[in-house]
Amino acid sequence: MDLFHTIIALLESTIRVSVPLIFAALAGLFTERAGVFDIGLEGKMLGAAFAAGAVAAVSGSVIIGLLCAILISVLLALVHGYASITQRGSQIVSGVAINFVVAGSTVILGEAWFRQGGRTPALAGDARFQTITFPFADAVKDVPILGPIYSNLLSGHFALTYLAFAMVPISWWILYRTRFGLRLRAVGENPGAVDTAGISVIWLRYRAVICAGILCGFAGAYLSLAMNAGFVKGMTAGKGYIALAALIFAKWRPFNIMLACLLFGFLDALAIRLQGNPLPLIGQVPVQLMQALPYILTVVLLAGFIGKAIPPKAGGIPYVKER
Amino acid sequence: MVNTDETGPTWGTWVNMSDIAIELRGIDKSFGLVHANRNINLTVRKGTIHGIIGENGAGKSTLMSILYGFYQADSGDIVVDGNVVTIKDPNAAIAHGIGMVHQHFMLVENFTVLENVMLGAEDSQILNTSISKARVELKRLEKEYALEVNPDALIEELPVGLQQRVEILKALYRKADILILDEPTGVLTPAEADHLFRILGQLKDQGKTIIFITHKLREIMAITDEVSVMRRGEMVATRKTNETSVEELAELMVGRRVLLRVDKGEANPGDVKLSVENLTVRDGRGVTMVDNVSFNLRAGEILGIAGVAGNGQSELLEAISGIRKAVSGSVLLNGKPIDVTGHADPRDLRDRGLAHVPEDRHHVGLVLKFEEAENGILGYHHDKRYLNGVFLNTKAIQADAEEKIKKYDIRPPNPRLKTANFSGGNQQKIVLAREMERGPDVLIIGQPTRGVDVGAIEFIHKRIIEMRDQGKAVLLVSVELDEIRALSDRIIVMFAGRVVGERDPDATEGELGLLMAGVEGRKEAAE
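Cut-off values and rules
- Residues numbered from 1 in each chain as written.
- Chains lettered and ligands numbered in written order.
- Predicted model: local features only at pLDDT ≥ 70, side-chain atom pairs only at ≥ 80, totals over all residues.
- Heavy atoms only, no water.
- Axes fitted to C-alpha atoms, helices over the stretch in contact; angles between N-to-C directions.
- Helix = DSSP H or I, 4+ residues; strand = E, 2+ residues; numbered from the N terminus.
- Parallel < 35°, antiparallel > 145°, perpendicular 65-115°, else oblique.
- Left-handed = near helix turned anticlockwise from the far one by under 90°.
- Contact = heavy atoms within 4.5 Å.
- Nonpolar A, V, L, I, M, F, W, Y, C, P; charged D, E, K, R; others polar.
- Buried < 20%, exposed > 50% of the residue type's maximum accessible area, 1.4 Å probe, protein only.
- Domains from an automatic or database assignment.
- Salt bridge = Lys/Arg side-chain N within 4 Å of Asp/Glu carboxyl O.
- Phe/Tyr/Trp six-rings, centres within 6.5 Å; stacked < 30°, edge-to-face > 60°.
- Pairing = 2+ DSSP bridges.
- Patch = residues over 30% accessible without salt bridge, like charges linked within 9 Å, V, L, I, M, F, W, Y side chains within 5 Å.
- Areas by Shrake-Rupley, 256 points an atom, 1.4 Å probe, with all protein chains shown as cover.
- pLDDT = per-residue confidence, 0-100.
- Buried area = accessible area lost by both parts, 1.4 Å probe.
- Polar contact = N/O pair within 3.5 Å; in protein donor to acceptor, adjacent residues only side chain to side chain.

Draft legend 1. Structural view of the packing of helix H10 (residues 239-249) of chain A against helix H11 (residues 254-274) of chain A. Residue and element names in this part refer to chain A. At a minimum axis distance of 8 Å, the contact between H10 and H11 shows a crossing angle of 135°. Accordingly, the angle class assigned to the pair H10 and H11 is oblique. For the crossing formed where H10 meets H11, the hand is right-handed. Contacts between H10 and H11 involve Ile 242, Ala 245, Ala 246, Leu 247 and Phe 249 from the former and Ile 257, Ala 260, Cys 261, Leu 263 and Phe 264 from the latter. Its residues assigned to classes, the contact of H10 with H11 comprises 10 nonpolar, no polar and no charged.

Draft legend 2. Up close: the environment of Val 246 of chain B. Residue and element names in this part refer to chain B. Within the secondary structure layout, Val 246 lies in helix H9 (residues 246-254). Classification of Val 246 as partly exposed rests on a relative accessible area of 26%. Here the alpha-carbon distance between Val 246 and Gln 206, two residues 40 residues apart in the chain, equals 28 Å.

Draft legend 3. Expanded view of the domain arrangement of chain B. Residues and elements named next belong to chain B. According to the domain assignment, chain B consists of domain 1 (1-97 + 207-256) and domain 2 (272-364 + 441-526). Put simply, the middle of domain 1 and the middle of domain 2, counted by C-alpha atoms, are 39 Å apart. Counting across the interface, domain 1 meets domain 2 through 2 salt bridges. Partitioned by chemical class, the residues of the side of domain 1 that touches domain 2 number 2 nonpolar, 2 polar and 4 charged.

Draft legend 4. A look at the packing of aromatic side chains. Residues and elements named next belong to chain A. Tallied over the full model, the rule gives 14 aromatic pairs over all chains. Ring centres 6.0 Å apart and planes at 85° place the aromatic pair Phe 158 and Tyr 222 in the edge-to-face group. Taken as a pair, Phe 158 in strand S2 (residues 157-158) and Tyr 222 in helix H9 (residues 201-227) lie far apart in primary sequence, 64 residues in all. Their ring planes at 55° and their centres at 6.5 Å tell us that Trp 172 and Phe 255 sit as a pair that is tilted.

Draft legend 5. Highlighting the pairing of strand S22 (residues 498-503) of chain B. All names here are of chain B. Two strands pair when backbone bridges link them, and strand S21 (residues 490-495) and S22 are joined in this way by 5 bridges, in the antiparallel orientation. Among the inter-strand pairings, Met 494 is bridged to a residue of S22, identified as Val 499. Between the end of S21 and the start of S22, which pair antiparallel, lie 2 residues, with Ala 496 showing a positive phi angle near 50°.

Draft legend 6. View of a nonpolar patch on the surface. Residues and elements named next belong to chain A. Taken together, Leu 3, Ile 7 and Leu 11 make up a surface patch of nonpolar side chains, about 260 Å² in accessible area. Topologically, Leu 11 is positioned in helix H1 (residues 2-33). Owing to a relative accessible area of 32%, Leu 11 belongs among the partly exposed residues under this scheme.

Draft legend 7. Quick look at the confidence of the model for chain B. All names here are of chain B. Per-residue pLDDT for chain B averages 87, and the proportion of residues at 70 or more is 95%. Confidence scores differ between elements of chain B, with helix H19 (residues 519-526) showing the lowest mean pLDDT of 53 and strand S20 (residues 473-477) the highest of 95. Counting contacts from residues 1-15, a segment whose pLDDT is below 50, to residues more than four positions away or on other chains yields 9 contacts.

Draft legend 8. Local environment of the side chain of Thr 161 of chain A. Inspection of the secondary structure puts Thr 161 of chain A in helix H6 (residues 159-177). Non-local contacts of Thr 161 of chain A, meaning those with residues more than four positions away in its chain, are made with Ile 15, Val 19 and Tyr 222 of chain A.

Draft legend 9. Broad picture of the interface of chain B and chain A. At the junction of the two partners, chain B supplies 30 residues and chain A supplies 24 residues. Carbon and sulfur atoms supply 56% of the area that chain B and chain A bury against each other, a total of about 2,300 Å² over both sides. When residues of chain B are sorted by the area they lose upon contact with chain A, Phe 70, Met 106 and Leu 119 of chain B head the list and together hold 24% of the total. Linking chain B with chain A are 3 salt bridges. A salt bridge links Glu 109 of chain B to Lys 313 of chain A, with the nearest nitrogen and oxygen atoms 3.0 Å apart. Counting across the interface, chain B meets chain A through 8 residue pairs in polar contact (both at pLDDT 80 or more). Taken together, the elements giving at least two residues each to the side of chain B that touches chain A come down to strand S2 (34-45), helix H3 (90-95), helix H4 (113-118) and helix H5 (127-145) of chain B. The leading source of residues in the side of chain B that touches chain A is H3 of chain B, at 3 residues. Across the side of chain B that touches chain A, the residue classes tally to 17 nonpolar, 8 polar and 5 charged.

Draft legend 10. Structural view of helix H10 (residues 313-320) of chain B. Residues and elements named next belong to chain B. For H10, the buried fraction is high: 6 of the 8 residues fall into the buried class. Along H10, the residues classified as buried are Gln 313, Glu 315, Leu 316, Leu 317, Ala 319 and Ile 320. Looking one or two residues past H10, Gly 322 carries a phi angle of roughly 85°, positive in sign.

Draft legend 11. Highlighting unusual backbone geometry. In this structure, Pro 412 of chain B follows Arg 411 of chain B across a cis peptide bond, with omega equal to -5°. Here Pro 412 of chain B lies in the loop between helix H14 (394-408) and helix H15 (424-436). In this model, Lys 251 of chain A sits at a positive phi of 55°, which is unusual for a non-glycine residue. One can find Lys 251 of chain A in the loop between H10 and H11.

Draft legend 12. Seen up close, the sheet that holds strand S5 (residues 83-85) of chain B. All names here are of chain B. Strand order across the open sheet formed by 4 strands is S2-S1-S4-S5, with antiparallel pairing between neighbours. Single-partner strands in this sheet number two, and they are S2 and S5. Across the sheet, the mean angle separating the axes of adjacent strands is 25° when strand polarity is ignored. Pairing between strand S4 (residues 75-80) and S5: 3 bridges, direction antiparallel. Looking at the pairing, Val 80 lines up with Asn 83 of S5.

Next up, the structure:
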């Protein structure tokens, strides 16, 4: 029974750490399916987390914090869009630049405004997301097996957590069942086909980039308003890159993305749990190894086990009319 | 669609107007310093196939892109159905009933046929209803124009001919009355091209107007009603097709008399220079592309390999020239074996007198971002005369390039110009000059005139025959049957990786065509 509770706790924290990955990877899904590579997921998420933490601390409202997170993230996405869509610059360079600028400026602004070493003030009450408890969660807690699953695993998460999982089928539906999705996927494969069909390639790609901005806004807000009580410098800690790995690992498909993010989240949760606890037979596992596991797994599995991940054909290439 | 020509309005001077689908008046367009279209006037009559012919770079595609709203003209008017219209983007063109089949298909490869046809013409935000509507409409179009294609097939799984059919369906789905086809046969096999011509004939019979752009004279003669000739951005003439001739059109295109038949004397075959025996090659997927092929190539002869593209010719060339590993078989060059199943080193083969003009000059033959002079020594760059110790001898390279530019009439004559900025014909001359000027014993040439204009074709053909007359052995692979017949001293035909027959160059086109289609070959093999 003890093992069962350990597993439940492990899965519960898996869900907790997977949420920002899912948001960010879905954000990447939208831009990359439209042919704009987005290495700046990390920066957008971090910028959003800072905006959320700072604004929520000042205004005392979690909703205003969330909206500002989305606003900042969308603005950063538009910078990326302007550089890589309108000005046809290198998408990688633009993304990396955003990551660096955000990493530095959040610390500087945080220190200048709050003087807490780059942190934003700790949030409490209405300035932070509260967990949602399902009906009867307490009552059924002691029912064997199903009780803990219901009350610990399914219930007791933040609204954003449920939104993240809801976004998976929603994103799928948008991409595969709407006109916007059809055109978005088309522009990532052959922008010429879209252009000659009389649709604006540029506007379509901008819309994809904005979608990504909104999703990264959720991811960032989750980090500083839900998972933690405020912004801490560099708090994304590479989650944007893990989300990119998940996106590739999932071959740019929504449901695969959820599974990949859960897998990477599980490894993360496992790493936290194993810290200081030696494994039987193996002994102490360096935490760095666990942290590197998502990347190692992506490389190994992509290299031989799940076949080739074929990126959108026009990905990374700015669209120029012939001549 | 009913042709309304006979029942059209009968009031006064407008009768003529109603016959006209499109009129271009004084269209002018420049890209920077390049004057792509100069004061172009063109009248296309309803229900006809109107050919536009001209060399590469004559401005045909630019003109059509203006008509399709891809570019805007600097000046001039477009008149559709008697009204002056502005076509500011492809949407406007579609609204005026103009559809275009692009040279490079504008299809999303991992989408289904249905999705491609629908793209941009979906009639609701949610796809479900659009899909079922499109399916019904596609079925109707398939029936009406006999353009069958499985709506649920993925584009990437369809042969090129069918992909093109999807492009045509896309235009018809958008209710195009005027269809522009830009170099539609460039990617097609002869059989597929014939099929396309039948389809175009049908579309014409149903009242559609077709503008057919090509640089191939034969196609103009085969299907058009009228033909307009462009040269260097100008419209130089318009003729009724049955009142003109190939010779006249060629002269109008090039601006001087062109020799369409190549003059060549008798061949004097000498010793066997290249001997291929039981060569078998598989591609990356393990499919056998070259199946037990044997032949001999002698000094002083041109051996042509005919066949529809994709029947193993490419793999054969690659195996002989050391780019691709063969599974089994042997090849002798000047009597000495080439390690085709092991590590045949292209550099070593060059040193032994084998030169190779690859089929795909953009990806294999040239580095497009390099200067002309640099491409001129590619593969021979380790040669002492281009080197100064370990450094390149730029002076010698420059001088060498200038000499070749003169001899091969490469234009513009600038060895420092990026290769990408030369036209197709001149790029090909750069490769030919590099490989021929070494005086190899054996010259292997793939698709010598693909994407090359008429004037340059004449020159390239002459050079190939000169090589033969100098006693070189030439192996020629081309999907242009005319070219094979005009140049070769012997012809072998490949089908499905096998050599299905050998013929003299005076074999009829029909006879060779049957071999190429694998019909005769099977009989022969059975006997």
